[in-house]
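# Secondary and tertiary structure notes
Below are the chains, spelled out letter by letter.
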Amino acid sequence: MPVDPHGELSGVYRHVGAGGTVKRPTQIGPAMIFNDIKGHPGARVVNGLLASRERVGMLLDTDPERLGHLLNESVKNPIEPVTVPNHQAPAQEVVHRADDPDFDIRKLVPAPTNTEEDAGPYITIGMCYASDSETGESDMTIHRLCLQSKDEMSMYFVPGARHLDVFRKKAEAVGEALPISISIGVDPAVEIATSFEPPTTPLGFNELEIAGGIRKKAVELTDCLTINEKAIANAEYVIEGELIPNKRVREDQNTNTGKAMPEFPGYTGPAVKELPVIKVKAVTHRKNPIMQTVIGPSEEHVTMAGIPTEASIMQMIDKAMPGRLLNVYAHSSGGGKYMAVLQFKKTQVSDEGKQRQAALLAFSAFSELKHIYIVDEDVDPFDSNDVLWSMNTRFQGDVDTIFLPNVRCHPLDPSQSPEYNPQLSGKGLSCKTIFDCTVPYHMKEEFKRAEFTEVDPTKWVPDLYNK
């Protein structure tokens, strides 16, 4: 059945498997491949590949509860990427150059819109790769990219949060264009690793090394054909271009909706009045490529942003108090960024209070966190009902809530403004909050959960465990 990429494609997947902070009704379900895209004969689009923690666990060959641990281990054991010759790069099987008379990126890349209000078709899961003109250090991050014309895209940078923006500004300061490649449809290990942020991956740290650590094999890059940069060799699509110095474009210049696209908090972000422009030089792709896309507020964002968040928190806390933090879940309701559940184990009297210190370290490890829930070792941090149970039976609001007012957070939270809270001194600031749902150490014996007889459930209900 043909599907319209303008709103309809995402509208369908919203019901099938988007999950996350998407407006209900939605659910966490299977990925979907759309094989008949209106206006793009022969094109295919996949949505929701990473929109399930369980599916990501299978793709990365680990239990879903251990994903944060896997990434933490991979940060400690990075493997540098390698470069392969062009003839070994499936991403360059078909080449379209911008000087071809019929070149139009809007026809070559079947990028959909999330909603009918979007500023335009968006590439939502493009791996953007560029290098520092001074040091030669490279980095890869994900940005929202809006197709603006046959050979131009706008690129949004979260203020002060992306290394590629540092590279861009350096080049722009001396009037130079910054070569950039965008790889679409790559190994999920690359997509997850690319979502790491400082301090875990400081400026100069190439996140592709983490992807190599996940796979225990180097990521393969190849030289681009029209710019002095590299791209993922086995990508489905690669866009080659340059960030043009001192050129800006209004994000919604083609629609005038005032909207950009839905972002991870579940709201549609405003269109930005001035954004940097990528001048496209070429589009290369595999034979019969599959375009990968993401619904902005979906569970897919939760896994890509949240699992690296979990690993960053583990790394920071484990350095300060080894063995106390058992697990972390960057909760779906916070889009993988705003909310984390820390599973903390107290083993002696002197551990009392360290759980709150751990929460402060978590805020340091990931500045975009807004709310932290701390639970004991007998509470499943991935089970929201269990977390809320601990809040209902192991929490008193007047003594177990810690407020940190006027702290910098993520700018896409619409409640972070003086209009919403007069106590805030500016936009992008928030009252960060710790909810300590742990039992005081000296009272642990009084809060033991009811013990049940241990049995092998597969003997009694095998069908339930053999799905």
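The shown structure was predicted, so the numbers you read here are calculated from the model rather than taken from an experiment.

Thresholds applied
Residues numbered from 1 in each chain as written. Predicted model: local features only at pLDDT ≥ 70, side-chain atom pairs only at ≥ 80, totals over all residues. Heavy atoms only, no water. Buried < 20%, exposed > 50% of the residue type's maximum accessible area, 1.4 Å probe, protein only. Helix = DSSP H or I, 4+ residues; strand = E, 2+ residues; numbered from the N terminus. Contact = heavy atoms within 4.5 Å. Polar contact = N/O pair within 3.5 Å; in protein donor to acceptor, adjacent residues only side chain to side chain. Phe/Tyr/Trp six-rings, centres within 6.5 Å; stacked < 30°, edge-to-face > 60°. Pairing = 2+ DSSP bridges. Axes fitted to C-alpha atoms, helices over the stretch in contact; angles between N-to-C directions. Parallel < 35°, antiparallel > 145°, perpendicular 65-115°, else oblique. Left-handed = near helix turned anticlockwise from the far one by under 90°. Nonpolar A, V, L, I, M, F, W, Y, C, P; charged D, E, K, R; others polar. Salt bridge = Lys/Arg side-chain N within 4 Å of Asp/Glu carboxyl O.

### Focus on helix H7 (residues 208-215)
- The buried fraction of H7 is high, at seven of eight residues.
- Along H7, the positions that sit buried rather than exposed are Leu208, Glu209, Ile210, Ala211, Gly212, Gly213 and Ile214.
- In the core, the buried residues of H7 are packed alongside helix H3 (67-76), strand E6 (126-131), strand E7 (138-142), helix H6 (188-193), strand E11 (220-223) and strand E12 (230-232).

### Considering unusual backbone geometry
- Across the junction of Arg24 and Pro25, the peptide omega takes the value 10°, indicating a cis bond.
- Positionally, Pro25 belongs in the loop between helix H1 (8-16) and strand E1 (32-34).
- Of note, the phi angle at Asn256 is positive, near 55°, even though the residue is not glycine.
- In this structure, Asn256 sits in the loop between strand E13 (237-249) and strand E14 (259-262).

### Structural notes on the side chain of Asn114
- Here Asn114 is to be found in the loop between helix H4 (105-108) and strand E5 (122-123).
- Here Asn114 falls in the buried class, since its relative accessible area comes to 8%.
- There is a polar contact of 2.8 Å between the side chain of Asn114 and the backbone nitrogen of Gly296.
- In this structure, Asn114 is in contact with Gly7, Ser10, Met261, Pro262, Val294, Ile295, Gly296 and Pro297, ignoring residues within four places of it in sequence.

### Digging into the side chain of Glu263
- As for its placement among the helices and strands, Glu263 is situated in the loop between E14 and strand E15 (268-270).
- Reaching out from Glu263, the side chain makes a polar contact with the side chain of Arg144 at a distance of 2.5 Å.
- When sequence neighbours within four positions are dropped, the list of residues in contact with Glu263 reads Arg144, Gly269, Gly296, Pro297 and Leu412.

### Regarding the packing of aromatic side chains
- Inspection of every chain in the model, using the stated rule, returns four aromatic pairs.
- With a centroid separation of 5.0 Å and an interplanar angle of 40°, the aromatic rings of Tyr329 and Phe382 are classed as tilted. Of the two residues, Tyr329 sits in strand E18 (residues 325-330) while Phe382 sits in the loop between strand E20 (371-375) and helix H10 (384-393), which places them 53 residues apart along the sequence. Comparing Tyr329 with Phe382 shows no difference in burial state: the two are buried.

### Let's talk about the sheet that holds strand E22 (residues 429-436)
- Spatial strand order, E18-E19-E20-E22-E21: five strands in an open sheet with mixed pairing. The sheet is open, and its two edges are formed by E18 and strand E21 (401-408), each paired on a single side. For this sheet the average axis-to-axis angle between neighbouring strands, irrespective of direction, equals 15°.
- Bridge analysis of E21 against E22 gives six bridges, and the strand direction is antiparallel. Pairing of Ile402 across the sheet is with Ile434, part of E22.
- Its contacts with the sheet put helix H8 (residues 299-320) on E18 and strand E19 (339-344), and the angle it makes with E18 is roughly 155°.

### A closer look at the sheet that holds E1
- One open sheet holds the three strands; their spatial order is E1-E2-E17, and the pairing between them is mixed. One side of each edge strand has no neighbouring strand; the edge strands of this open sheet are E1 and strand E17 (290-293). Put simply, the sheet's adjacent strands are angled 25° from each other on average, direction ignored.
- Bridge count between strand E2 (residues 44-47) and E17: four bridges; the pairing is parallel. Bridging from a neighbouring strand, Val45 pairs with Met291 of E17.
- In this fold H1 packs onto E1, E2 and E17, with an angle of close to 160° to the strand it touches most, E1.

### Focus: the packing of H8 against helix H9 (residues 354-365)
- The interhelical angle for the contact between H8 and H9, taken along N-to-C directions, is 130°, at an axis separation of 9 Å. If you check the angle between H8 and H9, you find them oblique. In the crossing of H8 with H9, the sense of the turn from one axis to the other is right-handed. Here H8 contributes Ser312, Ile313, Met316, Ile317 and Ala320 to the contact with H9, which in turn contributes Ala358, Leu361, Ala362, Ser364 and Ala365.
- Partitioned by chemical class, the residues of the contact of H8 with H9 number eight nonpolar, two polar and no charged.

### Some points on the pattern of salt bridges
- The final tally for this structure, using the stated rule, is 33 salt bridges.
- Between Arg144 and Glu263 there is a salt bridge, with the nearest N and O atoms lying 2.5 Å from each other. Of the two residues, Arg144 is situated in the loop between E7 and strand E8 (145-149) and Glu263 in the loop between E14 and E15; the sequence distance between them amounts to 119 residues. There is no split in this pair, since Arg144 and Glu263 are both buried.
- With a shortest N-O distance of 3.5 Å, Lys279 and Glu152 are connected by a salt bridge. One end of the pair, Lys279, is in strand E16 (residues 275-285); the other, Glu152, is in strand E9 (residues 152-155), with 127 residues separating them in the sequence.
- Overall, Lys279 belongs to the partly exposed group, its relative accessible area being 27%.
- Accessibility expressed as a relative area gives 13% for Glu152, which makes it buried.

As far as function goes, none of this settles anything; it's purely spatial.
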